[in-house]
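Residue-level structural notes
Listed below are the residues making up each chain.
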Amino acid sequence: MTKAHDLYNLALRDRDMLPTIAIGAAGTGKTYNGVGAAVEWLKTKGRQLIVTRPNVSFADKNGFLPGNEREKMGPWVRPIEQNLRLHGVPVAQQESWEKHGTLQFLPLEYIQGLTFDNAFILVDEVQNMTFEQLKVLLTRQGKYSKLVLCGDVAQISPRFQGSGLAKLIDMVRVLDMNIHLIEFTHEDILRSKQCAEWIRAFDKYEELKGG
């Protein structure tokens, strides 16, 4: 664990429940720690967990996904489900939370018009959202809610144009907004030494090629 991880974990559990934005390299635990704090929220406060992420992939075509609304979201919520397992939440517990509405996986396109009170709102892969989508999402936060955004500008899908994450970060800095902005670097990668080595290599290659 690094200083950035310590700051992130404090931000996720702050008493003022300020919005938290975690950005940086893959493998730094942005989503993992966000899910961990969300699980604590459900177990200690018994409130609601809202999870959303843009349905944008790296594939050229996603194909037709059968099933109901929740089943169609399957490929996009698997990373969250994987992290739930890592934090000791069995499938049966997750299904129970979903059945009772304690845990909701919501498609991004259905967020508009909703208000989230007494909720932990976890938004993953924020780099694949436009600035307008972020505006709609961020204004959904209601009373006594914790909002956490996780993203990595370096991992914008090639099928997506117009990421609003960089603009959002610029707005937060220019206006000196009262939120937590946690920036992770290569030194904060926890996934594996190989992951860190690959990321450094890709970044160095892009730098050499002027990409």
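This text follows the structure it describes.
Conventions and cut-offs
- Residues numbered from 1 in each chain as written.
- Predicted model: local features only at pLDDT ≥ 70, side-chain atom pairs only at ≥ 80, totals over all residues.
- Heavy atoms only, no water.
- Axes fitted to C-alpha atoms, helices over the stretch in contact; angles between N-to-C directions.
- Helix = DSSP H or I, 4+ residues; strand = E, 2+ residues; numbered from the N terminus.
- Left-handed = near helix turned anticlockwise from the far one by under 90°.
- Contact = heavy atoms within 4.5 Å.
- Nonpolar A, V, L, I, M, F, W, Y, C, P; charged D, E, K, R; others polar.
- Patch = residues over 30% accessible without salt bridge, like charges linked within 9 Å, V, L, I, M, F, W, Y side chains within 5 Å.
- Areas by Shrake-Rupley, 256 points an atom, 1.4 Å probe, with all protein chains shown as cover.
- Salt bridge = Lys/Arg side-chain N within 4 Å of Asp/Glu carboxyl O.
- Buried < 20%, exposed > 50% of the residue type's maximum accessible area, 1.4 Å probe, protein only.

1. Side note on the packing of helix α1 (residues 3–12) against helix α2 (residues 30–45)
- Viewed as axis vectors pointing N to C, α1 and α2 meet at an angle of 35°, and their least axial separation amounts to 10 Å. In this structure, α1 meets α2 at a crossing whose hand is right-handed. Contacts between α1 and α2 pair H5, Y8, N9 and L12 from the former with K30, N33, G34 and A37 from the latter.

2. With respect to the packing of α2 against helix α4 (residues 74–86)
- Packing of α2 against α4 brings their axes to within 9 Å, and their N-to-C directions diverge by 60°. Note on packing geometry: the crossing formed by α2 with α4 is right-handed. Contacts between α2 and α4 involve T31, Y32, V35 and V39 from the former and I80, N83, L84 and L86 from the latter.
- Here the residues of the contact of α2 with α4 are counted per class, giving six nonpolar, two polar and no charged.

3. As for a nonpolar patch on the surface
- Among the surface-exposed residues, V174, L175 and M177 lie close enough to one another that they form a single nonpolar patch of about 300 Å² accessible area.
- Locating M177 in the fold gives a position in the loop between α7 (165–174) and β6 (180–184).

4. Description of the side chain of N9
- For N9, the location among the structural elements is in helix α1.
- Judged by relative accessible area, which is 19%, N9 ranks as buried.
- Those residues in contact with N9, other than ones at most four positions away along the chain, are M1 and N33.

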